[in-house]
Amino acid sequence: MPTDVVMPQMGESIFEGTITKWLKKPGDKVQRDEPLFEISTDKVDAEIPAPASGTLQEIKVSEGTTVQVNTVVGVIGDGSGAPAPAPAKAAAPVPPAPASAKKEAAKEAPAPPPPPAASVPGDEEGSDVRSSPLVRKLARENNIDLAKVSGTGTGGRVTKQDILDFVEHRPAVETRLASSPAPAPRPASAPAPAVIPGELVPMSQMRKIIAQRMIESRRASAHVHCMFEVDMTRIVNLRNKLKNGFEQRYGGRLTFMPFFVRAAIIALQQYPIVNSSLEADSIRYHKHVNAGIAVALDWGLIVPVLKNADELNFLGLQRGITDLGERARTKKLLPADVEGSTFTITNPGQFGAVFGLPIINQPNAAIMGVGGITKQPLVITDKDGADSIAIRSVVHLTLGYDHRIVDGAIADQFMAVVKKTLENWSEEVG
């Protein structure tokens, strides 16, 4: 019997996904659990395995099409029938969300309350506007009246793409920022195709969401940045001494990132306001440090989260960072892996930047940018007060912080602790 291939539900709060790439074509042999197609959701991109072995008999939903979860997107047969050609364009209907999905949505933990806004038609029980919980959430975040959005789904249902298109094309004066948590930027599922100079290329779904989230963050938070110069010579020498033995002993590379994460954790414990979030007119002080670690990919950017990083030793930090990075690059992250950050670290220095002025990853209060580590002449003062010039390994760290929550004095004191911890490193590495 043929086996239906369906759009999976990658988490309770996800009700639709976009097929970004089919890894097989009709007529190809497939093995159970072999990657069959790639999807992109609001949370993560992922490879979806084949549910059975056989021959891909039919592709029902073409690349670039967004459909509800549990929609049949393809069929795997035993190879006895002639394969159907793949659809020429995205034309698959989007059925209404099943009742079971609505029940699952009711089990979700309540999100932080959004700022006061006009009521959103379609958000109340019994409304005439048909939409999923995800769509209603996007409407609330962007202060959109669902009654004004033309639905392109089955029976006039408003889809996620309808909301994104509405946000993109409505007048700027109507744009209103919500302070409720926004998902971290996520990558597309494939590298951008080569372009022809002068060609007008539509933005990918990934780029649209990144653009939306970055503008939202800029408008939500009062961004201020400070920069500190840090002498990393002690740590550079320590890493050079230990990296070979570390890799042989633990099977993984010793990188600089866990040093920065650990220093940030120590500072966050002393200045918990930097590890907070704004919820309406209140400040949420988070119990643990959930460190968002920005990962640059060939096809975009994603921020997986190292949960309860404050409870990990140095080796645990290194292993956790390595694991998240590898799963991000191989599209193995789950929705929970990119949720719940309380503080974010990004590393533009890996590409040679002296420093960066990063945009805050909502709903965090701050983000730390790590510049490149370079050798520079510094004035060194010895214990007797004598000055000399020496060649040192230096990094420039920036803190982007929300001035609504964090005062400049606190931000500077926070970074002073980070600087002191790095320059006087004494913790065991492994």
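Participant: Please explain the overall build of the chain as it appears in this structure.
Facilitator: Helices and strands together make up the secondary structure of the chain, namely 8 helices and 19 strands. Residues classed as buried in the chain amount to 48% of the 430 residues present. Residue pairs in contact within the chain that sit at least 24 positions apart in sequence constitute 67% of those at least 6 positions apart. Roughly 20900 Å² of accessible area belongs to the chain as shown, and the carbon and sulfur atoms make up 54% of that amount.

Participant: What should I look at first to understand the sheet that holds strand β6 (residues 54-59) in this one?
Facilitator: Within a sheet, adjacent strands bond to each other through the backbone by hydrogen bonds, running parallel or antiparallel. Reading across from one edge, β1-β8-β6-β3 is the order of the 4 strands in this open sheet, with antiparallel pairing throughout. Because the sheet does not close on itself, it has two edges, and the strands there are β1 (3-6) and β3 (29-30).

Participant: So what exactly am I meant to see when it comes to the nonpolar core here?
Facilitator: One recurring pattern in soluble globular proteins: nonpolar side chains tend to sit buried together. Counting 59 residues, the largest nonpolar core has F343, M368, L397, L399, F414 and L422 as its most contacted members. With 9 residues, helix α6 (residues 257-270) is the single largest residue contributor to this core. Filtering out sequence-adjacent residues up to four positions away, L399 remains in contact with V224, H225, C226, F343, A366, I367, M368, A411, F414 and M415. Grouped together as the second largest cluster of nonpolar side chains are 19 residues, I19, V30, L36 and V73 included.

Participant: Teacher, can you tell me more about unusual backbone geometry here?
Facilitator: Phi is mostly negative for residues that are not glycine, and the peptide bonds are mostly trans. Here Q362 and P363 are connected by a cis peptide whose omega angle stands at 5 degrees. Topologically, P363 is positioned in the loop between β16 (343-346) and β17 (366-370).

Participant: Help me understand the confidence of the model for the chain, please; the structure alone is not making it clear to me.
Facilitator: Close reading of the predicted structure is inappropriate where its pLDDT is low. Across the chain, the average pLDDT comes to 82, with 79% of residues at or above 70. Note that pLDDT drops below 50 for residues 90-127; the model gives that stretch 59 contacts with residues more than four away or on any other chain. Confidence drops under pLDDT 50 across residues 171-192; counting only partners more than four residues distant or on other chains, this segment forms 72 contacts.

Conventions we followed
Going along each chain's sequence as written, the residues are numbered from 1 onward. Residues qualify for local features only when their pLDDT is at least 70, as the model is predicted, and side-chain atom pairs are given and counted only at 80 or more; totals for whole chains, interfaces and linings, by contrast, use all residues. Computation of side-chain values: all heavy atoms of the structure, hydrogens and water removed. Counting from the N terminus, the helices are the DSSP runs of H or I reaching at least four residues and the strands are the DSSP runs of E reaching at least two. For every residue, the accessible area obtained with a 1.4 Å probe (protein chains only) is divided by the maximum for its type, and the residue is called buried under 20%, exposed over 50%, and partly exposed between those limits. It only takes one pair of heavy atoms within 4.5 Å for two residues to be counted as in contact. Accessibility throughout is a Shrake-Rupley quantity obtained with a 1.4 Å probe, and a residue counts as covered only by protein chains that appear here. DSSP calls a pair of strands paired once it identifies at least 2 bridges connecting them. Buried Ala, Val, Leu, Ile, Met, Phe, Trp, Tyr and Cys residues form a nonpolar core when they are joined through side-chain atoms within 4.5 Å. Confidence scores labelled pLDDT are given residue by residue by the predictor and lie between 0 and 100.

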